[in-house]
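Coordinate inspection notes
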Amino acid sequence: MDLIDDGQEAGNAPEFTVSELSGAVKRTIEGEFGHVRVRGEVGRVSRPQSGHVYMDLKDDRAVIAGVMWKGMAARVATKPEEGMEVIAVGRLTTFPGQSKYQLIIEDIRPAGLGALMAMLEKRKAALTAEGLFDPARKQPLPFLPEVIGVVTSPSGAVIRDILHRLRDRFPRKVLIWPVAVQGDRCAPEVTRAIEGFNRLTPGGALPRPDLLIVARGGGSVEDLWGFNEESVVRAAAASQIPLISAVGHETDTTLIDFASDRRAPTPTAAAELAVPVRLELAVWTEDQGARLTRALGQGIALRGQRLADLSRALPRADTLLDTPRQKLDILADKLPQALSTGVQRRRLALSDTAGSLRPAALRRLIAGQSDTLGRLSARLGPALARFAAQRRRDLDHRAARLQPRRLKAEHETARRELDRLSARFTAAAQAQLADWRRRIDTADRLRETLSYRATLERGYAVVRSGDQVVTSRSAAADAMALEIEFADGRFAIGGGAKPARKAKPAAPSDQGSLF
Amino acid sequence: MTDTPVDEMSFEEAMKELDGVVQQLERGDVALEASIALYERGAHLKKRCETLLKSAEEKVAAITTDADGTPVGLKPVDGQ
């Protein structure tokens, strides 16, 4: 109100347009608050698609709107969350279109140890839930690595301590990957170094280490903060090469310690975890050699001892033979005695036997035998008679069963049958004979009818030469003599051939029948 | 026993086997022939261990990187 009143009083005061005033305010604010650090609690946070992050910063009495542009938001390590106590660094600007002002935040980080630790716990819980700190993920360290990769600052006490201790224990090849160990560059560089070592190929121009040490000396929580960053933790967890973390002092714990395969309290301790002591190994090796030789020697000595013991326990050959030899002597001594005793015993037995062998005894034996014979003979006669009688009885029994009547009847029947058959046979035979005679007479009459003789009756003649019937002239011409048969007899004439002699007288006429 | 030839064994492998050989031999329950063979193997393993122990040398180098952080070479480092 004062301003208006003043204005009314100072009516000559120049008039601003809204834009002019707004611009003047903007210039004033931006000029005056071009770089501020403000501490406060994060209020409402929104992260729209654009990538910018809008948030309120507040305390118990006031609120200031803040924005973190997209590029800045990606670079800043701390992710502002509601309720977080932060220190924001940036500049104030106005937004004239809405009569508003806001803080353009260029960096933001947790304010104070408590806030930092709270954030750390939260991150740790998230990564634990993800399984990154799982004991099953831990790899065993190599017993004796050939090449050790060290991720640390190239200058300073840390690398010197590590190299010293390595040299003391077991000199090895060491590859240092120089990194910033604090500040904004720390986390990305350490991440890149761990990943870079893992990308090297074994036996390449840059030899791939068999073991990694990520080391840093002691410092404040803020100094060590880089080793709490998620990218570093993830790189350590993902490392194929076994990794020892040695960040800060023994009491400092960073998240990389949970992800590494082993945690060393100090860089020196890391070197001790990394390699065994060469001298101790040399002593051990020497000792093993000595044990080896001793064991072999002992083995042989033991066997020698055992052999000697056994040899001693082995009796002398003579001793072994003593007993049998003595036995032999005793037996040899006893032999003649035994022989004569044996003969004597047999002789005694013989005389015993011979003594009992006397005629009387024989006779007694024979008498005994003939007694038996007599007894048996006496039994023989009656036995035979009994047997015969038994047989006879059997025969009689069977004969009695033979019945002559039946035989006779059978005989009669057979005779009658025979007589009947004989009569039938006689009748049949006579009939047969009469029949045969009739048939012969008939045949004979037929024969007479058919005989050539009947032809002869009619005037024909049969010409014969010897026994042959001559039927042709040439046969007659060749014949020596011819005979002509007529019905009433035969008549011989000379043949066609020259008669060698006088024709035979005619055969007697009664010779006719060929039958 | 591993199949790796003794002369290609790592120190750890050789050490482990040497230990086994010594213990076996010390138990004294191996045949004489076998114990001599064991002894010879043990001696060989011991020699391998000694060779590896003798070959220990220090060599320190730092990796040099280009602007993108890609390793490009090595730079010797004074062991101090």
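Residues numbered from 1 in each chain as written. Chains lettered and ligands numbered in written order. Predicted model: local features only at pLDDT ≥ 70, side-chain atom pairs only at ≥ 80, totals over all residues. Heavy atoms only, no water.

**A closer look at the overall build of chain B**
Across its full length, chain B carries two helices and two strands. Its helices and strands taken in sequence order, chain B reads α-α-β-β from the N to the C terminus. Looking at the 80 residues of chain B, the share that counts as buried comes to 35%. For chain B, the exposed area adds up to about 4,800 Å²; of that, 50% sits on carbon and sulfur atoms. (Helix = DSSP H or I, 4+ residues; strand = E, 2+ residues; numbered from the N terminus. Buried < 20%, exposed > 50% of the residue type's maximum accessible area, 1.4 Å probe, protein only. Areas by Shrake-Rupley, 256 points an atom, 1.4 Å probe, with all protein chains shown as cover.)

**Here's the deal with the overall build of chain A**
For chain A, the helix and strand inventory stands at 15 helices and 14 strands. Looking at the 515 residues of chain A, the share that counts as buried comes to 29%. Taking the contacts inside chain A whose residues are at least 6 apart along the sequence as the reference set, 60% of them involve residues at least 24 apart. With an accessible surface of roughly 34,800 Å², chain A has 57% of that area assigned to carbon and sulfur atoms. (Contact = heavy atoms within 4.5 Å.)

**Some details on the pairing of strand β1 (residues 59-65) of chain B**
The sheet contact formed by strand β7 (residues 173-178) of chain A and β1(B) spans four bridges and is parallel. Considered in β1(B), the bridge of A:Val174 is made with B:Val60. Judged from the five bridges that link them, β1(B) and strand β2 (residues 71-76) of chain B form a sheet pairing that is antiparallel. By the bridge assignment, B:Ala61 is partnered in β2(B) with B:Pro76. Joining the antiparallel neighbours β1(B) and β2(B) is a turn of five residues, in which B:Gly69 adopts a positive phi near 85°. (Pairing = 2+ DSSP bridges.)

**What about the sheet that holds strand β8 (residues 211-216) of chain A?**
Ordered by their spatial adjacency, seven strands build an open sheet running β10(A)-β9(A)-β8(A)-β6(A)-β7(A)-β1(B)-β2(B), and the pairing between neighbours is mixed. In this open sheet, the two edge strands, each paired with only one partner strand, are β10 (262-263) of chain A together with β2 of chain B. By the bridge criterion, two bridges tie strand β9 (residues 243-247) of chain A to β10(A) in an arrangement that is parallel. Bridge assignment links A:Ser245 to a residue of β10(A), and that residue is A:Arg263. Packed onto the sheet, helix α5 (residues 157-169) of chain A meets β6 (147-152), β7 and β8 of chain A together with β1 of chain B and runs at close to 160° relative to β6(A). Sitting on the sheet, helix α6 (residues 186-199) of chain A is in contact with β6, β7, β8 and β9 of chain A together with β1 of chain B, with an inclination near 145° to β7(A). (Axes fitted to C-alpha atoms, helices over the stretch in contact; angles between N-to-C directions.)

**Some details on the pattern of salt bridges**
Enumeration according to the criterion identifies 29 salt bridges over all chains in this entry. Notably, a salt bridge pairs A:Glu30 with A:Lys26, separated by 3.6 Å at the nearest N-O pair. One end of the pair is A:Glu30 and the other is A:Lys26, both in helix α2 (residues 18-32) and four residues apart, which spans about a single turn. Residue classification places A:Glu30 among the partly exposed residues on the basis of a relative accessible area of 31%. For B:Arg27, the salt bridge goes to B:Asp29, with nearest N and O atoms at 3.6 Å. The exposed category is assigned to B:Arg27, whose relative accessible area is 55%. (Salt bridge = Lys/Arg side-chain N within 4 Å of Asp/Glu carboxyl O.)

**Thoughts on the interface of chain A and chain B**
Each side of the interface is counted separately: chain A has 34 residues, and chain B has 41 residues. Surface buried jointly by chain A and chain B totals about 3,500 Å² across both partners, of which 66% is contributed by carbon and sulfur atoms. Taken together, the links from chain A to chain B amount to three salt bridges. Salt-bridge contacts for A:Arg167 lead to B:Glu58; the nearest nitrogen and oxygen are separated by 2.7 Å. Taken together, the elements giving at least two residues each to the side of chain A that touches chain B come down to α5, β7, α6 and α10 (278-313) of chain A. Residue composition of the side of chain A that touches chain B, grouped by class: 19 nonpolar, five polar and 10 charged. (Buried area = accessible area lost by both parts, 1.4 Å probe. Nonpolar A, V, L, I, M, F, W, Y, C, P; charged D, E, K, R; others polar.)

**Some thoughts on the layout of surface pockets**
Residue and element names in this part refer to chain A. Taken as a whole, the largest pocket encloses approximately 670 Å³ of empty space. What lines the largest pocket is a set of 28 residues, among which Ala77, Arg109, Asp184, Trp225 and Glu229 lie closest to the centre. Listing elements by their share of the lining of the largest pocket, those giving two or more residues are α3 (70-75), β4 (85-95), β5 (100-110), α4 (112-129), α6 and α7 (230-238). (1 Å grid on protein atoms, 1.4 Å probe; cavity = no way out; pocket = protein on both sides within 12 Å on 5 of 7 lines; lining within 4 Å. Points joined across faces, edges and corners; volume = space filled by probe spheres on them.)

**A word on the confidence of the model for chain A**
Looking at chain A, pLDDT values average 85 and 94% of them are 70 or higher. Taken element by element, the predicted model of chain A shows its lowest mean pLDDT in helix α1 (residues 2-9) of chain A (53) and its highest in β8(A) (94). (pLDDT = per-residue confidence, 0-100.)

**Things to note about the packing of α5(A) against helix α9 (residues 267-274) of chain A**
Residues and elements named next belong to chain A. Two elements in contact, α5 and α9, have axes whose closest approach is 8 Å; the angle formed by their N-to-C orientations is 30°. In this structure, α5 meets α9 at a crossing whose hand is right-handed. Contacts from Val158, Asp161, Ile162, Arg165, Leu166 and Arg169 of α5 reach α9 at Pro267, Thr268, Ala271, Glu272 and Ala274. Looking at side-chain class alone, the contact of α5 with α9 contains six nonpolar, one polar and four charged residues. (Left-handed = near helix turned anticlockwise from the far one by under 90°.)

**Describing the packing of aromatic side chains**
The relative placement of two aromatic rings is captured by the distance of their centres and the angle of their planes. All names here are of chain A. Enumeration according to the criterion identifies three aromatic pairs over all chains in this entry. Measuring from centroid to centroid gives 5.5 Å for phenylalanine 133 and phenylalanine 258, while their planes differ by 40°, and the two rings are tilted. Residue phenylalanine 133 is found in the loop between α4 and β6, and its partner phenylalanine 258 is found in helix α8 (residues 255-259); the two are separated by 125 residues along the sequence. The buried category is assigned to phenylalanine 133, whose relative accessible area is 12%. (Phe/Tyr/Trp six-rings, centres within 6.5 Å; stacked < 30°, edge-to-face > 60°.)

**Side note on the side chain of A:Asp261**
All names here are of chain A. Mapping aspartate 261 onto the fold places it in the loop between α8 and β10. At 5.8 Å, lysine 138 is the nearest oppositely charged side chain to aspartate 261, a buried residue that forms no salt bridge. Engagement of the side chain of aspartate 261 in a polar contact is seen with the backbone nitrogen of glutamine 139, the distance being 2.8 Å. Here the side chain of aspartate 261 touches leucine 243 through a polar contact of 2.9 Å, landing on its backbone nitrogen. (Lys, Arg positive; Asp, Glu negative; His and termini not counted. Polar contact = N/O pair within 3.5 Å; in protein donor to acceptor, adjacent residues only side chain to side chain.)

**Things to note about the environment of B:Arg48**
All names here are of chain B. Its location among the elements puts arginine 48 in helix α2 (residues 32-54). Separated by 40 residues in sequence, arginine 48 and glutamate 8 have C-alpha atoms that sit 8.6 Å apart. Apart from residues lying up to four places away in sequence, arginine 48 is in contact with Val6, Asp7, Glu8, Met9 and Ala14.

**With respect to empty space enclosed by the protein**
Within the structure shown, the criterion is met by one cavity of 30 Å³ or more. Each pocket or cavity is described by its volume, and for the largest cavity that value is around 60 Å³. In terms of lining residues, the largest cavity is bounded by A:Ala295, A:Leu296, A:Gly299, A:Ile300, A:Arg303, B:Leu25, B:Gly28, B:Val30, B:Leu32 and B:Ser35. Secondary-structure elements contributing two or more residues to the lining of the largest cavity are α10 of chain A together with α2 of chain B. Among the elements that line the lining of the largest cavity, the one with the most residues is α10(A), at five residues.

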